[in-house]
Amino acid sequence: MEPVSDLEPGRDLVVYTYKSLKSFTKGFSPENYVGDTQYGKLYRGQIQKGLETLGVIVKIWGNEFTSFATTAEHQLSRWQNEIKLMTESDVRSHPNVAKLIGFCSENGRLGVVYELQPVDSLWSLIRKDDFKWIARIKVALGFARLLESLHDQGLWLHNISSAHLMVEQNFNPRLVDFSMLVGGVFGETHHDYEVGSAGHVDPRSPGGGLKSDQFFDAHDGVEITKLAMRCVDRRPEQRPTMKEVVCCLQKRKVVNSIGDVIGREEHP
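First, a word on scope: everything that follows refers to the structure included in this document. (Residues numbered from 1 in each chain as written. Predicted model: local features only at pLDDT ≥ 70, side-chain atom pairs only at ≥ 80, totals over all residues. Heavy atoms only, no water.)

### Quick notes on the sheet that holds strand 2 (residues 33-36)
1) Next: Here 6 strands make up an open sheet; going across it, the order is 1-5-6-4-3-2 and the pairing mixed. Looking at which strands have only one partner, the edges of the open sheet turn out to be strand 1 (14-15) and strand 2.
2) Next: When strand 3 (residues 40-49) meets strand 4 (residues 52-61), the two strands line up antiparallel, connected through 10 bridges. The residue of strand 4 that forms the bridge with K41 is I60.
3) Next: Running at roughly 25° to strand 6 (residues 109-115), helix 2 (residues 72-86) makes contact with strand 4, strand 5 (99-106) and strand 6 of the sheet. (Pairing = 2+ DSSP bridges. Helix = DSSP H or I, 4+ residues; strand = E, 2+ residues; numbered from the N terminus. Contact = heavy atoms within 4.5 Å. Axes fitted to C-alpha atoms, helices over the stretch in contact; angles between N-to-C directions.)

Quick look at the structure:
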């Protein structure tokens, strides 16, 4: 198969061998395992460029990497569509999307490489007691802005979970798996409701938990709880648009503190 021929040249994407992906992740070692995706797994990795070490996330497709059995043709189709999507300027330039730097297609083995050095997946972080209110709001707002941008482009997520979001040191969330995204290059006909992670079905929810700390405001907590309940209303027509979600989150008091707090934590 030659999916590379369907991709536009000049996108500065590197064609990696499967051996290289194994090398980046130390043989897909358990210590580099980040989490599952719709059709495979995510691993941390490092690429040595002279004296520079580049942190990356490697995503691998394949039935040996997932509990969901899918056809090779289906995996190839989703892999091709993700690369096409991730090289579109409006998506590629979004601050809450991981930067695609290369891919692999070798003897049916499919993979992509993102330039990213996250603290952890959102799924892992929200299970920890130290994921503070200000971090939760920054992640929620960033993800809501990404969904708003995707919606403006006619792209819709039919499935999302916290495992699909990586969180950087400054609490900036980056999406690394589009799962059941439909519209645009993904088309509208295949939804795969029989598989996938247990999580959000768009439209539309930024999520968010409540935990009291120095940046927590009781009124904000109430308003975000109301927002979250509207986002998961059983009647889709009653759910807010992502523009409304972003607007609501931007009005929260803690948002005014985010820039200063992030700056202090990055430069103590």
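Additional details are given in the paragraphs that follow.
### Details of the packing of helix 6 (residues 218-231) against helix 7 (residues 242-250)
When two helices pack together, their arrangement is captured by the angle between the axes and the distance separating the axes.
1) Next: Axis separation between helix 6 and helix 7 bottoms out at 11 Å; the angle between their running directions is 170°. Judged by the inter-axis angle, helix 6 sits roughly antiparallel to helix 7. Contacts between helix 6 and helix 7 involve I224, L227, R230 and C231 from the former and E244, V245, C248 and L249 from the latter.
2) Next: Of the residues contributing to the contact of helix 6 with helix 7, the split by class is 6 nonpolar, no polar and 2 charged. (Parallel < 35°, antiparallel > 145°, perpendicular 65-115°, else oblique. Nonpolar A, V, L, I, M, F, W, Y, C, P; charged D, E, K, R; others polar.)

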